[in-house]
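# Observations on the three-dimensional arrangement
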Amino acid sequence: MTELQNKTYTIKIGTDDFKKLITESTLYVDKTILLQTLIEDAYDVLLITRPRRWGKTLNMTMLQYFFGIPVNSRGEIDEEEQTKRHDNFSKLKIGKHPDILQKYLGKFPVIFVSFKEIKGDVYETIEMKVKELIYGLYETHKYLLQSDKLDDIQKTLFKKFITKSFNLAELEKSLFHLSKMLYTHFDQKVFILIDEYDTPLNDWYALQLARETISETEDTYFQDVLRLFKGIFGSTLKGNDFLEKGVVTGILRVAKANLFSGVNNFGEDSILDENYAKHFGFTEKEVNSLLHKSRLDQNPETAQTLKSWYNGYNIGGLTIYNPWSIMNCLNNKGAFKAYWVGTASTALIEQALVLDKFQEEMQILIEGGNVEMVADPKMVFADIKSSPNALYNLLLFSGYLTVERSNENEDTTYNCDVKIPNREVRSIFSGSLQKWISKKFNIDVKDYNAFLNELLKGNVKIFTQKLKDYLEISASFFATGPKNAELFYNGFIMGLVSAVSSQYFVDAESESGHGRADLLLIPKSTAKYQNALVLEFKFGESKEDLSLLAQKALEQIEHKNYAAKIKAYKNVASTFKVGIAFGGKDVAVAFK
């Protein structure tokens, strides 16, 4: 952690309001060139997918603030507000394009709707929340009731929405009706901005992953939800003569739901594309600028640590940083933490990462390796339980993996090598591995960590007995073959490492003495127990004499002097040398 002295800047954390950001914060990243890219984009409707907390909603409120016609309560143009907006944007990057300001700033009616909070276990809940959302949207345009350009039929329909007396058919066409009324009043086509369109669907699929089976009733609910959103998006974006341009954001492109089928001139931009890469997340140049303004770059080591914690995303050939984590780190005086973790519901990810069939690949990724996959922007949720590739797509487009190499195929898919992007995200995978191990041990993560503490305290006999007891509980998993046993043991070792990495210097197979120890755990000065551990692992057949194998592991530690490196750490009170031999569902330990 680095203290930032004499902090001279202000940061607005968590604000999705563009106007508030630029007027109340002095440290922010100017993304207004997105406006130029969007104006020049040939597509009438554009779907942009990015991970959560990557500035999607903030950018959408910027579009609303820029394009929207400012009006008073009577629906008349608010000239004073128009001038303020012009002044604000003139000072930003888009201000270098006065032709764009003159032609587009404050010239269009805008409909902005976010489905971020639309969640529920049953269809009735979803429909009720959508109705409330539409009611609130119409309330913001209540001035239309005073318009002398709308006829009585339109005003009667408008009143149905602000009195919550509209039916399902009218709900599905609510955004279309509003766009027509706005066009009638302003004599100008409408920008329609739909934010977080996929939130209701993501929540449902998290429920599906958590259960072995989905009942017929629950499936019917979901099909009703799909029909509702298909009706809303279809009527709003398909063949809408009053639409100037539509922008839709979300995390994933949901396939087999056909939510955008039939929409003419429809474009997509995901983390695999280049066009909008620099507009979401922070570029290397932008991060360097933030570090300089906050004076965090005065310590080169601190700046480098920040990059190891939060960078690693390769999007459109650019290195992109998670903006949420960067701004939180600056706001917390350079404290490096996993800020992105836990900022939203990750049930869908958590349910997937603890499935047995994915553990081999998960362990490869945690160790810093990469996995080959076929990336398809059109996500098929239903395949996640059965298809590793579907899981990797979920992880990739949700921001838990990044592309190291990719080649586009003729069918718009990509052959990719993917890896964990940075230290912050790796903690999520490590945590999921601990949950998987504790699930196999039939204990919770708290008890799993307490069990590992016995080893750190030097209570090797207690640790050994508990490990034997836990392995007995996991016998059914080992019975499925030696590959699963090896997978489990590797996972257990990695789970051990990830559980103690905040308090211990961890060296896995590093040079020490006359060879490479499997694992060195050296306590930091802040560690509760100042015991160092040298661990050597052996894997034998279940019928093999594991006690003898464990003794050989201990002798190897002694003979090759693996503990030599520990002598440099003066805070170490004791050093425990531990040989562990695994075989089937049994284990033997020798220690000194």
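Described below are features of the structure shown in this document.

What counts, and where the lines are drawn
Residues numbered from 1 in each chain as written. Predicted model: local features only at pLDDT ≥ 70, side-chain atom pairs only at ≥ 80, totals over all residues. Heavy atoms only, no water. Helix = DSSP H or I, 4+ residues; strand = E, 2+ residues; numbered from the N terminus. Buried < 20%, exposed > 50% of the residue type's maximum accessible area, 1.4 Å probe, protein only. Areas by Shrake-Rupley, 256 points an atom, 1.4 Å probe, with all protein chains shown as cover. Lys, Arg positive; Asp, Glu negative; His and termini not counted. Charge placed at Lys NZ, Arg CZ, Asp CG, Glu CD. Expected span 1.5 Å × (residues − 1). Polar contact = N/O pair within 3.5 Å; in protein donor to acceptor, adjacent residues only side chain to side chain. Phe/Tyr/Trp six-rings, centres within 6.5 Å; stacked < 30°, edge-to-face > 60°. Lys NZ or Arg CZ within 6 Å of the ring centre and 35° of its normal. Pairing = 2+ DSSP bridges. Axes fitted to C-alpha atoms, helices over the stretch in contact; angles between N-to-C directions. Salt bridge = Lys/Arg side-chain N within 4 Å of Asp/Glu carboxyl O. Core = buried A, V, L, I, M, F, W, Y, C linked by side-chain atoms within 4.5 Å.

## A word on the overall build of the chain
When helices and strands are tallied, the chain shows 23 helices and 18 strands. Counting all 592 residues of the chain, 55% fall into the buried class. Accessible surface computed for the chain: about 26,500 Å², of which carbon and sulfur atoms make up 47%. The average position of the 73 basic charges and that of the 77 acidic charges among the side chains of the chain differ by 5 Å.

## A few points about helix H19 (residues 445-457)
In this model, H19 (13 residues) spans 18 Å end to end at C-alpha, consistent with the 18 Å of a helix rising 1.5 Å per residue. At the N-terminal boundary of H19, the capping side chain belongs to aspartate 444, with an oxygen 3.2 Å from the backbone nitrogen of lysine 446.

## Considering the packing of aromatic side chains
Taken as a whole, this structure holds 44 aromatic pairs when the rule is applied. Each ring, one from phenylalanine 161 and one from phenylalanine 166, has its centre 4.8 Å from the other, and the planes form 35°; the classification is tilted. Taking the centre distance of 5.1 Å and the plane angle of 90° together, the rings of phenylalanine 451 and tyrosine 470 count as edge-to-face. Taken together, the residues span a long stretch of sequence, with phenylalanine 451 in helix H19 and tyrosine 470 in helix H20 (residues 460-473) at a distance of 19 residues. Overall, tyrosine 470 belongs to the buried group, its relative accessible area being 12%. Ring-pair connections join several aromatic residues into one group, and the members of that group are Trp436, Phe441, Tyr448, Phe451, Phe463, Tyr470, Phe488, Tyr489, Phe492, Phe537, Phe539 and Phe582. Above the face of the phenylalanine 505 ring, lysine 524 is positioned so that its terminal group lies 5.5 Å from the ring centre.

## Focus on unusual backbone geometry
Positive phi, normally seen in glycine, also occurs at glutamate 196, with a value near 55°. On the secondary structure map, glutamate 196 appears in the loop between strand E3 (190-195) and helix H10 (199-210). Here arginine 295, not a glycine, exhibits a phi torsion of approximately 65°, which is positive. Residue position: arginine 295 is located in the loop between helix H12 (284-293) and helix H13 (300-310). A residue is classified by how much of its surface remains accessible, and arginine 295, at 30% relative accessible area, is partly exposed.

## Quick look at the sheet that holds strand E6 (residues 266-269)
Within a sheet, each strand pairs with its neighbour through backbone hydrogen bonds, oriented either parallel or antiparallel. If you walk across this open sheet you meet the 5 strands as E2-E3-E4-E1-E6, and the pairing is parallel. Of all strands in the sheet, those bounded by a partner on one side alone are strand E2 (110-114) and E6. Strand-to-strand twist across the sheet, computed as the mean angle between neighbouring axes with direction ignored, equals 15°. Bridging between E3 and strand E4 (residues 243-250) involves 5 bridges; their strand directions are parallel. Each residue of the ladder has a partner; that of isoleucine 192, found in E4, is glycine 246.

## Focus on the pattern of salt bridges
The final tally for this structure, using the stated rule, is 21 salt bridges. A salt bridge links aspartate 269 to arginine 50, with the nearest nitrogen and oxygen atoms 2.8 Å apart. You can see aspartate 269 sitting in strand E6 and its partner arginine 50 sitting in the loop between strand E1 (45-49) and helix H3 (56-67), a full 219 residues away along the chain. Accessibility classification places aspartate 269 together with arginine 50 in one group, the buried group. When salt bridges that share partners are traced, they join Lys19, Glu81 and Arg85 into one network.

## Let's talk about the nonpolar core
One finds Leu395, Leu396, Phe429, Phe441 and Phe492 to be the most contacted residues of the largest nonpolar core, which totals 98 residues. Considering every element that reaches this core, the biggest residue donor is helix H22 (residues 482-500), with 9 residues. By size, the runner-up hydrophobic cluster in this structure holds 48 residues, among which are Phe115, Ile134, Ile192 and Val254.

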